[in-house]
Structures are given as C-alpha cells and as structure tokens.
Amino acid sequence: MLADDVTVTTAQDGQLTVIERIITDAPAVHRIAERVPVTDDEDRLYSITDLQVSGAAAADGTTVTVTGPATVKYTVDGAVAAGQVRFQLTGGWDRTVDRVTAAFNGPEVSTADCYAGQPGSSRQCTFSELRSGGAHAEQNGLLQGERIDLAVQTGPLPDNARFVPTGPLAVFAPGLPTVLSGLALVLYLLVGASVLRRRTRPRGELDLTGTVLDLVARGHLHIVDGQVSHGEADPLTPFEQAVKTAFPPGPLAAARPDQDELRALLDAEAHRQGWLSARQPLVRWAGLILAAAGIVTTVVLALTVGEALIGVALLIAGIATFAAAPLVQPRRGRALGTPAGRGESPLAAEIGAIQAMAERRSAVSAQ
C-alpha cells in the first residue's frame, strides 16, 4: 500500500508550497521533477528549494526515500505562466502508487485540469473539481514512473516559468551570456583589425634618398653630372651594401634597385637594431591558447549549463589571432622605409632628388 496526499498553496510571489503526506508499507523512492518535457523541442524548468522531510523518510537532493509514514515539504518556483499554475503534484515513484489525493489553494481559481499517466499524457485523472478557494483531484492507481500534472487558471500571479530548448543543438541556444560574448568577439575583431591597419607597413617603394646621400657623404658613392662612381670607406651593413650595389657605376638614371630585396634587408637590419620587434611567434601562441580555451570551454559548457556558444566565440577569436600573426609587425617609431611627413615617392623622383642634393653637396664641398 502506497498513498500520497498532496496539498499545494500558492503565495503572492508565484511560488508554491507543497506538502506531501505519504503512507507506505514498503520502501519507496520518489523523485521530484525539476525538468519536464513540454514539446519535442522544449522543456520546462522548476526550482525545488527548502526541502524538508519528517517521519520515516530521507532526502538526497530532490530524491526522497520513504520506508513508512512520512511528510515531505518543499517550495517550487517556475510554475506560473500567463496566469496558469502548472506543476507535477507527484510522480517519479519507483513503484505503483495506489491512491493520490490533491488539494490546490490559490486566488480566484477559475479552471482546473488534472492529467495522469506518463509525462506528456493527456489522460484525465480519476476525479477533479473546483472547490471554494481552489481545486481538488484524485487518482486511483498510478503506475511506476507515471505522474499527476495539475493545470490551474488563477487570478493575477507574477510569471516565473522558465523554458529551455532541447535536442543536440540546445547547448548552443543564445542566452544573455552568449549575446554578451558575441558582442565581445565583435569588439575584439574590430580592435584587432584597427591595430593591424596601424601596424602593417605600406608596401610601396622604399625611400632610398637618405641612405644614398649618407653613402655619398661617407665616400662610398660619388654622383657628379648624373654619373655614379664607387669608392671605399668604412664598413657597410648588408642593407647599405645592397643599396650601393643597386647604384652601379654609370648613369644615375639607369639605377634599378630591387625593392623586395632591399625591404627584406632593411627589415632584418631593423630587427637587429631593435627598431622592429618581431613578436609573430607570441601572437601565434596567443591564438593557439585562445583556440584551445575555446574548445575546452565549449565542451564544458555543453556538458553542464549550456551557453556553449561562449566557447565557440573564444575559438573564433583564437583562430583569427593565429591567422593574423603574419601581418603583425609591432614597431617602435615610424614605419621604416616610409618618408616622414609625405607620401611615398616614385623611384624616378627619388633619383632626381638624389641628383639635386648630391650636386648641392658637391658645390658646398668645392667652396
């Protein structure tokens, strides 16, 4: 013999106080529902708090084991939606319940529907009716795993129902934390793009005027009447030697410096001198760490509270960071090879400037 007498009382804040008075002649286990399927794609969540047992009973979380007459009392949040109170009065028993009686007390009860059987079943209870101040229901014979679901239309109560999607993609359902992480990802990508625009050096022609004039002043190059000749003086860096070689003896206008070769040599020299700091490996590592953190976060959230899109946002940020590493050239000072205070000049204009300045220097030296 197992019987359950249930009393439900509503409070003004929409919470329910449930008291179950249980009689049994053999041990029985009662699992109070916290998540109930509503449709194939949606579940309803309930919060069970302040669970207390007395008599021949013990509780472990929301699972109650009874071995004799006992009373179970708890509070339910999440039962009110659009003026309707809906909650499983009892269910989740590991054996047949011979008889269930239920009394519902609430404000301005207008309708009451009682369903019995497996979760989702619309089978009517053995008996249900409206009574002064609430509703009354009875069910004879509740098989193992079956439940009694009471839906009561009441007066004004604040909605507190919570619904969550189900299915394999439910963990990616966007909630507020997911939305915030998405906005943070967009901000991260925008800031990263802005930084890359500032740190990526222009790929136009190098401004060689200063280097050539320096070589002229140091005696490595002589430019007179548009003709170039070479001299020997102090040691040259690989970049300076390449610039000197790019201006072979003969007509100045015939010089055709290899821009790619010179740019590579200039970069190497800048790194040696500390004018550029190569941190691409660090950026790559940062991207890998972010991506790994994204994968771990996605798995953990998927197996726990959901909101797994937060991990996906981290993963995207990591991949973007790793992919952008080759474009990053952190630097100190202005971009090397770019004239300060003016745009890039064509090589022909530079050669003309070199000729004019070299002739002025020669004239000054001759005085």
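You'll find the structure just up there.
On a predicted model such as this, the values are computed, not experimentally measured, just so you know.

J.: Could you clarify how one ought to interpret the side chain of Asp 43 in this entry?
T.: You can see Asp 43 is positioned in strand S5 (residues 42–45). One polar contact links Asp 43 to Arg 35, side chain to side chain, over a distance of 2.8 Å. If near-sequence neighbours (up to four positions away) are discounted, Asp 43 is found in contact with Arg 35, Val 36, Pro 37, Val 38, Arg 162, Phe 163, Val 164 and Thr 166.

J.: Sorry, what's going on with helix H2 (residues 209–217) here?
T.: Note on helix geometry: an α-helix contains 3.6 residues per turn, so any two residues three or four positions apart are oriented the same way. For H2, every residue scored as buried is listed here: Thr 209, Thr 211, Val 212, Leu 213, Leu 215 and Val 216. One or two steps after H2, the chain reaches Gly 219, where phi turns positive at roughly 90°.

J.: In this structure, what is going on with the state of the cysteines? I would like to understand it.
T.: What makes a disulfide is a covalent bond joining the sulfur atoms belonging to two cysteines. Summed over all chains, the structure comprises one disulfide. Between the sulfur of Cys 114 and that of Cys 125 lies a disulfide, 1.9 Å long from S to S. Disulfide Cys 114-Cys 125: torsion about the S-S bond near -70°, hence left-handed. In this pair, Cys 114 sits in strand S11 (residues 111–117) while Cys 125 sits in the loop between S11 and strand S12 (127–131), placing the two residues eleven residues apart along the sequence.

J.: Sorry, what's going on with the sheet that holds strand S18 (residues 250–251) here?
T.: In a beta sheet, neighbouring strands pair by backbone hydrogen bonds and run either parallel or antiparallel. In spatial order, the strands read S16-S17-S18; together these three strands make up an open sheet with antiparallel pairing. Each having just a single partner strand, strand S16 (221–224) and S18 make up the two edges of the open sheet.

J.: What exactly am I supposed to notice about the packing of aromatic side chains here?
T.: Here a ring pair, both rings aromatic, is described through the centre-centre distance and the interplanar angle of the planes. On inspection of all chains with the given rule, the structure shows one aromatic pair. An angle of 70° between the planes, with centres 5.4 Å apart, marks the rings of Tyr 46 and Phe 87 as edge-to-face. Here Tyr 46, found in the loop between S5 and strand S6 (47–60), pairs with Phe 87, found in strand S9 (residues 84–91); they are 41 residues apart in sequence, far enough to count as distant. Each member of the pair, Tyr 46 as well as Phe 87, carries the same accessibility label: buried.

Calculation criteria
Residues numbered from 1 in each chain as written. Predicted model: local features only at pLDDT ≥ 70, side-chain atom pairs only at ≥ 80, totals over all residues. Heavy atoms only, no water. Helix = DSSP H or I, 4+ residues; strand = E, 2+ residues; numbered from the N terminus. Polar contact = N/O pair within 3.5 Å; in protein donor to acceptor, adjacent residues only side chain to side chain. Contact = heavy atoms within 4.5 Å. Buried < 20%, exposed > 50% of the residue type's maximum accessible area, 1.4 Å probe, protein only. Disulfide = S-S within 2.5 Å. Pairing = 2+ DSSP bridges. Phe/Tyr/Trp six-rings, centres within 6.5 Å; stacked < 30°, edge-to-face > 60°.

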